[in-house]
Amino acid sequence: MACPGGVHREEPPHFVLVPLLAPGHMIPMVDMARLLAAHGAVVSVAITPVNAARIGDVIRRCADSGLPVHFIELPFPCREVGLPEGCENLDLLPSRSLFPNFHRAARTLLEPLEQQLRRSRPAPSCVVSDSAFPWTRELARSFGVPWLLFHGFCCFALLCQHNLHEHKTHLHVASDSDPFVLPCLGQRIEVTRAQLPGAFSSTLKIQDIREQIRNGELTADGFVVNTFAELEPAFVHDLQEATGKKVWTVGPLSLCNKKALDVAERGDKASIDNARCLKWLDSMDPGSVVYASFGSIARLAPSQLKEIGLGLEASGHPFIWVIKTRDEKASREVERWLEEEGFEERNRTKGLLIRGWAPQLLILSHPAVGGFLTHCGWNSTLEGVCAGVPMVSWPLFGEQFLNEKLIGQILGVAVGVGVYTPIVWTEEEKAEVLVRRDEVARAVASLMHGGEEAAERRRRARELGEKARRAVVEGGSSHTNVALLIRSVSVSSPVVADGTLPLRSSGVRSTLTL
Ligand code: UDP
C-alpha cells in the first residue's frame, strides 16, 4: 500500500543523512546511520570521494555487517569554486575565509544527490541534514518528506543560541568582552559576546549564509540531537518549548560502537598502532592517566603546544597527548623541541605522544584514563561524559565556551583551565600563548589529585557515564527515541501547501506528523 510521500508501509523507512563535511559532524552522523539501520531503517549517507577514502574501512565494515547503510559518493567541485584540489573537508581548509567557497561547493551536491535518490528504493522518507546545509530543505520537499536538522550541538547550546536570536541580549553590551547573562535559562550563566558561536560573530562576513541557516532552523520539522535526556533534561524540554519543534535526543551516538575495530577507528586512521596504545594504557594504574586532545580541526601554535607539554609533565600524572600542527613548518618546530630539549626522552615512560589522528574512543574507554583535557567540542565532551571521567575544559571557538558552562558550572564535572578569549579557527598560530604551563599543571592537578572536591567531581562524572550507558540500551530514553523517530517517519504525512508538514505530537508544537 502506498503512503503519502511515496513510502510503502510495508517497506522500511529510508533516512537520507547529509553531514557537514568535517570530522566532528561526519563521525556522529555515520554513527547515527548505523544506529538507525540497526533499528530497522534503510539509510543513505551523502559523502564525497576524499571523505569516502578517509573512512574507507568504516564503510567496508558497515557493508560487511550487513546493515542497510549506503554511502552515496558525489563529486565535490573544488577547482570550480576556488578551493585547493581535494579540499573536501573543513579540516583541510587552509583559511576560514574560504568557507563561503566550501559552502558553494557543497550546494552543488543537491542535484546529483536528488537524482541518485530518485532511483533508490525504498523512496526517501526523511532527510536528516546538518544545519549548515540549509539547501537540503529543497531535497526533503521535493520528496515530500520531513526535514530534520542535526547541528552537532547539545540542547543547552542550541537553546542559548535560539534565545539569543530571539532576545538579542548580546547586542546590548558595549563590547565583545563585556560579560552578560544568557537570557531565559532559569539560572545565571554569564558569557561574553566573543565567546558565542559563529552565528553571533561579526568577524567573518558570511551574513547571507547565516541567514539561510537561521531560516532553516526556523522552518525545519524538528531537531535530532546527539545528547541524552538525563544529561540536560531542562534544556531538552525548554528547547522544544522555545522553538515549538520536536527534539529527538538519540545519543550518545558514540556508544553504538561496540566492536573493538569500530571503537578504535572513527573518522580517520589512527596515527598510532592501536596495540601499542593499549599496551601503554594497560601498564598504567586505573584512573591515573590524563588524556589531552583538542579535537579534529584546531591547530595550536607551537609555542602553545610546548606549554601544554610542559604543563602535563609538571602535573606529575601520566598522560597521552595528541599533537596536531597546521603545516610542515610548525610540525618541524615542535619536533625539534620534542627532541632537542629532551621532552620525549624525559617522558618516555610517563607520556604517550600521538602525532595526528588519535583513536580517541579507544583511549577514553580504557580504565587507566582518569581525566580528559578537552577543547570542549561537543563530541569530545560527550565522549568524556560516556567515559565517566572528569574534564579540564579549554574551549577554543565555536559553541565550545557554552559546552564549558554546561560541564563546569551546570553539571559540575569539569575544571576550567582559565581561558576566556576564543581564538580564530585556522588562525590559531596567531594567538599568543593563552595558557601557561603552570596553569595547565594546576588544572590537571586539581582534577586528578585527591581532596573532597575532586572526589565529588569524579563521583558525578561516573554517575553521568552510567546514565549515558543506560540511555542507549533497550528501554533507555535515547533507544526509545530512535525507535519513535523511525516510527514517526514511517507514518508521516505529505507536505502541505505552505511547505511544512502538519503535525500531531505529544505536547510539542511542531510541523512533523508523529
Ligand atoms: N577525534 C578522534 N581523534 C582525533 C581527534 C578527534 O577520534 O585525533 C574524534 C573525537 O573522538 C570526536 C571528533 O573527532 O568524535 C571531534 O569532534 P568534536 O566535536 O569533539 O570537536 P571538533 O573536532 O569538531 O572541534
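Residues numbered from 1 in each chain as written. Predicted model: local features only at pLDDT ≥ 70, side-chain atom pairs only at ≥ 80, totals over all residues.

## Some details on the overall build of the protein chain
Phase 1 of the analysis: Within the protein chain, the secondary structure is distributed over 21 helices and 15 strands.
Phase 2 of the analysis: Its C-alpha atoms give the protein chain a radius of gyration of 22 Å, within 12% of the compact-globule value 24 Å for 514 residues.
Phase 3 of the analysis: Across its three principal directions, the C-alpha atoms of the protein chain cover 70 × 50 × 50 Å.
Phase 4 of the analysis: Taking all 514 residues of the protein chain together, 50% fall into the buried category.
Phase 5 of the analysis: Excluding contacts between residues fewer than 6 apart, the proportion of contacts in the protein chain whose partners are at least 24 apart in sequence is 70%. (Helix = DSSP H or I, 4+ residues; strand = E, 2+ residues; numbered from the N terminus. Rg over C-alpha atoms; globule rule 2.2 N^0.38 Å. Buried ≥ 20, exposed ≤ 12 C-beta atoms within 10 Å, placed from the backbone. Contact = placed C-beta atoms within 7 Å.)

## With respect to the nonpolar core
Within soluble globular proteins, side chains that are nonpolar tend to cluster in buried spots.
Phase 1 of the analysis: Of all hydrophobic cores here, the largest spans 149 residues; its most connected members are L17, A33, V43, V45, C155, A292 and V392.
Phase 2 of the analysis: Broken down by element, this core gets its largest block of residues, nine residues, from helix 1 (residues 23-38).
Phase 3 of the analysis: Counting the residues that make up this core, at least three belong to each of domain 1 (14-255 + 474-491) and domain 2 (268-471). (Core = buried A, V, L, I, M, F, W, Y, C linked by C-beta atoms within 7 Å. Domains from an automatic or database assignment.)

## A closer look at unusual backbone geometry
Phase 1 of the analysis: With an omega dihedral of -5 degrees, the bond running from R121 to P122 counts as a cis peptide bond.
Phase 2 of the analysis: Checked against the element boundaries, P122 lands in the loop between helix 6 (110-118) and strand 4 (126-130).
Phase 3 of the analysis: With an omega dihedral of -5 degrees, the bond running from G251 to P252 counts as a cis peptide bond.
Phase 4 of the analysis: Of note in this structure, K168 is not a glycine but carries a positive phi near 55 degrees.
Phase 5 of the analysis: In this fold, K168 is placed in the loop between helix 8 (155-167) and strand 6 (179-181).
Phase 6 of the analysis: Phi at C376 is positive, roughly 70 degrees, even though this residue is not glycine.
Phase 7 of the analysis: With respect to the secondary-structure elements, C376 resides in the loop between strand 13 (369-374) and helix 17 (378-387).

## Let's talk about the packing of helix 6 against helix 7 (residues 136-143)
Phase 1 of the analysis: Here helix 6 crosses helix 7 at 25 degrees, and the two axes come no closer than 10 Å. Relative to helix 7, the element helix 6 is oriented roughly parallel. Once helix 6 is placed against helix 7, the crossing between them reads as right-handed. Contacts between helix 6 and helix 7 involve L110, L113 and E114 from the former and E138, L139 and S142 from the latter.
Phase 2 of the analysis: Looking at side-chain class alone, the contact of helix 6 with helix 7 contains three nonpolar, one polar and two charged residues. (Axes fitted to C-alpha atoms, helices over the stretch in contact; angles between N-to-C directions. Parallel < 35°, antiparallel > 145°, perpendicular 65-115°, else oblique. Left-handed = near helix turned anticlockwise from the far one by under 90°. Nonpolar A, V, L, I, M, F, W, Y, C, P; charged D, E, K, R; others polar.)

## Here we look at the site of the ligand
Phase 1 of the analysis: Around the ligand lies a shell of 19 residues, among which G24, G295, S296, G377 and S380 are the nearest.
Phase 2 of the analysis: For the shell around the ligand, the secondary structure elements donating two or more residues are helix 1, helix 16 (360-364) and helix 17.
Phase 3 of the analysis: Broken down by element, the residue count for the shell around the ligand peaks at four residues, all from helix 17. (Near = placed C-beta within 6 Å.)

## Remarks on the sheet that holds strand 3 (residues 69-73)
Across a sheet, strands are paired by hydrogen bonds formed along the backbone, either parallel or antiparallel in direction.
Phase 1 of the analysis: The strand order across the open sheet built from seven strands is 3-2-1-4-5-8-9, with neighbouring strands paired in parallel fashion. The open sheet is flanked by strand 3 and strand 9 (247-249), the only strands paired with a single partner. For this sheet, the mean angle separating the axes of adjacent strands, direction not counted, is 25 degrees.
Phase 2 of the analysis: Pairing geometry for strand 4 and strand 5 (residues 147-150), over four bridges, is parallel. Considered in strand 5, the bridge of V127 is made with W147. (Pairing = 2+ DSSP bridges.)

## Digging into the pairing of strand 13
Phase 1 of the analysis: Burial analysis of strand 13 places six of its six residues in the buried class, which makes it a mostly covered element.
Phase 2 of the analysis: Here three bridges tie strand 13 to strand 14 (residues 391-393), and the two strands are oriented parallel to one another. Paired with L373 across the strands is V392, a residue of strand 14.
Phase 3 of the analysis: Between the parallel elements strand 13 and strand 14, the chain passes through helix 17 in a crossover that is right-handed. (Right-handed = clockwise from strand over helix to strand, strands pointing away.)

## Points about the sheet that holds strand 11 (residues 319-323)
Phase 1 of the analysis: The parallel open sheet is built from six strands, whose spatial order is 12-11-10-13-14-15. Both outer strands of the open sheet, strand 12 (351-355) and strand 15 (414-416), are each paired with one neighbouring strand and no more. The average undirected angle you get between the axes of adjacent strands in this sheet is 20 degrees.
Phase 2 of the analysis: Relative to strand 12, strand 11 runs parallel, the two sharing five bridges. Bridge pairing links F319 to G351 in strand 12.
Phase 3 of the analysis: Together, strand 10 (289-293), strand 13, strand 14 and strand 15 form the strand contacts of helix 19 (residues 437-448), whose direction differs from that of strand 13 by roughly 145 degrees.

## Describing the environment of P318
Phase 1 of the analysis: If you trace the backbone, P318 turns up in the loop between helix 13 (302-315) and strand 11.
Phase 2 of the analysis: Sequence separation between P318 and L281 is 37 residues; the distance between their C-alpha atoms is 9.7 Å.
Phase 3 of the analysis: Those residues within four positions of P318 in sequence are excluded, and the remaining contacts are M284, S288, V289, K350 and G351.

## Notes on the domain arrangement of the protein chain
Phase 1 of the analysis: What the domain assignment lists for the protein chain is domain 1 (14-255 + 474-491) and domain 2 (268-471).
Phase 2 of the analysis: Centre-to-centre, using C-alpha coordinates, domain 1 lies 26 Å away from domain 2.
Phase 3 of the analysis: Contacts between the two partners involve 37 residues from domain 1, matched on the other side by 30 residues from domain 2.
Phase 4 of the analysis: Every element with two or more residues in the side of domain 1 that touches domain 2 is listed here: helix 1, helix 8 and helix 21 (477-490).
Phase 5 of the analysis: With four residues, helix 1 is the largest single contributor of residues to the side of domain 1 that touches domain 2.
Phase 6 of the analysis: Per-class residue counts for the side of domain 1 that touches domain 2 are 20 nonpolar, twelve polar and five charged.

## Quick notes on the packing of helix 8 against helix 18 (residues 400-410)
How two helices sit against one another is set out by the angle between their axes and by the gap between those axes.
Phase 1 of the analysis: Remark: helix 8 packs on helix 18, axes separated minimally by 9 Å, with the N-to-C direction vectors making an angle of 125 degrees. If you check the angle between helix 8 and helix 18, you find them oblique. Viewed along their axes, helix 8 and helix 18 form a crossing whose handedness is right-handed. Of helix 18, the residues touching helix 8 (which contributes F156, A157 and C160) are L402, N403 and L406.
Phase 2 of the analysis: Residues that form the contact of helix 8 with helix 18 fall into these classes: five nonpolar, one polar and no charged.

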